[in-house]
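Fold and geometry: a report
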Amino acid sequence: MLVQACFALFAFLYLYVMQGEYVSWSLSALTSGQSHHAPLLYALIGSILCGLLQCGTSRLLPGLPDQAYALTALPSAVILVLLTAYPDYSAALIASVAALMAGGVVAKLALRHGRKHMSAVNICTWNTLILFALFLFVGLAGNTHDVLHYELRTARLLVDNKPAEAARVGSKSLATSPQLTALRALALSKEGKLPENLFRYALSPGGCRNLLLTPTDAARLGLPQASPGALMNCPAFWGGNARQYFDGPVRRAAMRPDRTAQDYRLCALLLDKDIDRFASELRNYYELDSLATPLPTAYREALILYRQLRTRPLYLYDDNAVQANFNDFETIRRAPGNRIENENRARREYGHTYWWYYFYG
């Protein structure tokens with residue numbers, strides 16, 4: 001009974017805490033959107049089914065010694081793996097077949113020799129080891145793709161209108177994807193913090209394309225009505241040349257003016273490392289000489305960089321604090337010695353800046 005309770009608790013925590021968003025998303029995909037987002041309900045149902053399956057397995061193996069009783073949870077473990085394997089079942093099926101074969105060998109050995117070494121300590125030790133092996137199998141064979149989980153969690157929080165929480169999902173991880181960056185940009189833009197915090201996250205290669213989410217991508221992640229285009233009062237981006245999209249519809253929206261479109265436009269130029277065009281267009285949207293409109297962090301960092309890289313800049317921008325930080329960044333970047341060590345130190349101290357992205361991103 002204790003073994004059953006332990007595995008049922010593990011199944012619930014696995015399905016609800018670790019795989020809650022994923023199970024809801026996969027069920028929605030398998031039912032063409034007919035299922036509801038109910039991770040708690042699915043976790044309860046899944047853990048109950050695992051418990052019932054374990055009871056049924058124990059009745060099929062009445063002669064199994066007590067120290068191998070935890071093996072009755074193996075079919076339930078396989079079910080957990082298959083529940084979290086969508087859309088690619090091949091690896092999960094191979095792992096499940098291998099686990100069932102290994103479990104069969106262990107069960108046969110236990111039936112033959114187990115009762116000769118029966119004791120309370122022996123029973124507890126072996127069941128603990130078997131449960132640990134089952135937990136490890138589920139954790140390794142199930143879908144634990146961190147970026148996909150970040151995407152689904154971020155999308156769900158956006159659906160729930162919680163952009164601040166959505167922007168924090170996976171914020172300390174270096175794992176990312178274009179879709180995750182687009183979702184974060186969407187969340188930051190809803191908060192009005194896109195140019196303030198965009199470069200605090202790990203960014204994928206691809207430049208301004210990382211800011212865009214097609215309606216197809218949005219629907220796949222459970223965001224049928226959400227897209228950057230709608231937020232900027234622009235037509236949706238359906239694929240193709242992202243720079244043309246930013247040079248066309250987004251730039252026109254930015255000139256209306258629309259602050260969301262303006263920040264998307266300027267951040268797109270920064271992601272493409274086109275700081276000359278950025279410096280030229282920034283004056284159209286922000287009063288650079290007005291203390292009443294302080295610039296966001298990414299824009300200040302980009303202007304300091306622009307001033308340093310160009311011998312004849314369009315205008316000079318001063319910010320003593322940002323300039324001091326840039327000087328320190330340059331000291332680290334140009335320091336003699338091992339290039340990799342300098343790069344790692346620069347990431348540790350300035351990995352959240354536009355300068356890091358410009359030189360290393």
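Residues numbered from 1 in each chain as written. Predicted model: local features only at pLDDT ≥ 70, side-chain atom pairs only at ≥ 80, totals over all residues. Heavy atoms only, no water.

**Let's talk about the side chain of Glu151**
What counts, and what does not: Only DSSP runs of H or I reaching four residues or more are called helices, and only runs of E reaching two or more are called strands; each is numbered from the N terminus. Burial here depends on accessible area, computed with a 1.4 Å probe over protein chains only, as a share of the maximum for the residue type. Under 20% is buried, over 50% is exposed, and the range in between is partly exposed. Positive: Lys, Arg. Negative: Asp, Glu. His and the chain ends are not part of the count. Salt bridges are counted wherever a side-chain nitrogen of Lys or Arg sits within 4 Å of a carboxyl oxygen of Asp or Glu. Only heavy atoms matter for contacts: two residues are in contact if any of them lie within 4.5 Å across the pair.
In this fold, Glu151 is placed in helix H7 (residues 146–159). Here Glu151 occupies a buried position and makes no salt bridge, while the nearest side chain of opposite charge, Arg220, is found at 4.0 Å. Ignoring any residue separated from it by four or fewer positions in sequence, one finds Glu151 in contact with Ser177, Gln179, Leu180, Leu183, Arg220 and Leu221.

**Observations regarding the nonpolar core**
So the rule is basically this: Buried residues of nine kinds, namely Ala, Val, Leu, Ile, Met, Phe, Trp, Tyr and Cys, make up a nonpolar core once their side-chain atoms join them within 4.5 Å.
Within the largest apolar cluster, 72 residues are counted, with the highest numbers of intra-cluster contacts made by Leu211, Phe278, Leu282, Tyr299 and Tyr354. Among residues more than four places away in sequence, those in contact with Leu282 are Leu266, Leu288, Leu295, Tyr299, Leu303 and Tyr315. If you look at the next biggest cluster of nonpolar residues, it comprises 31 residues, including Phe7, Ala68, Ile130 and Leu131.

**Some points on the pattern of salt bridges**
In total, this model carries 16 salt bridges according to the counting rule given. Arg243 is paired through a salt bridge with Asp272; the nearest N and O atoms lie 3.1 Å apart. With Arg243 in helix H13 (residues 242–254) and Asp272 in the loop between helix H14 (259–271) and helix H15 (275–285), the pair connects residues that are 29 residues apart, well separated along the chain. Judged by its relative accessible area of 27%, Asp272 falls in the partly exposed class. Salt bridges sharing partners connect three or more residues here, namely Arg243, Asp247, Arg251, Arg265, Asp272, Asp274, Arg277 and Glu281.

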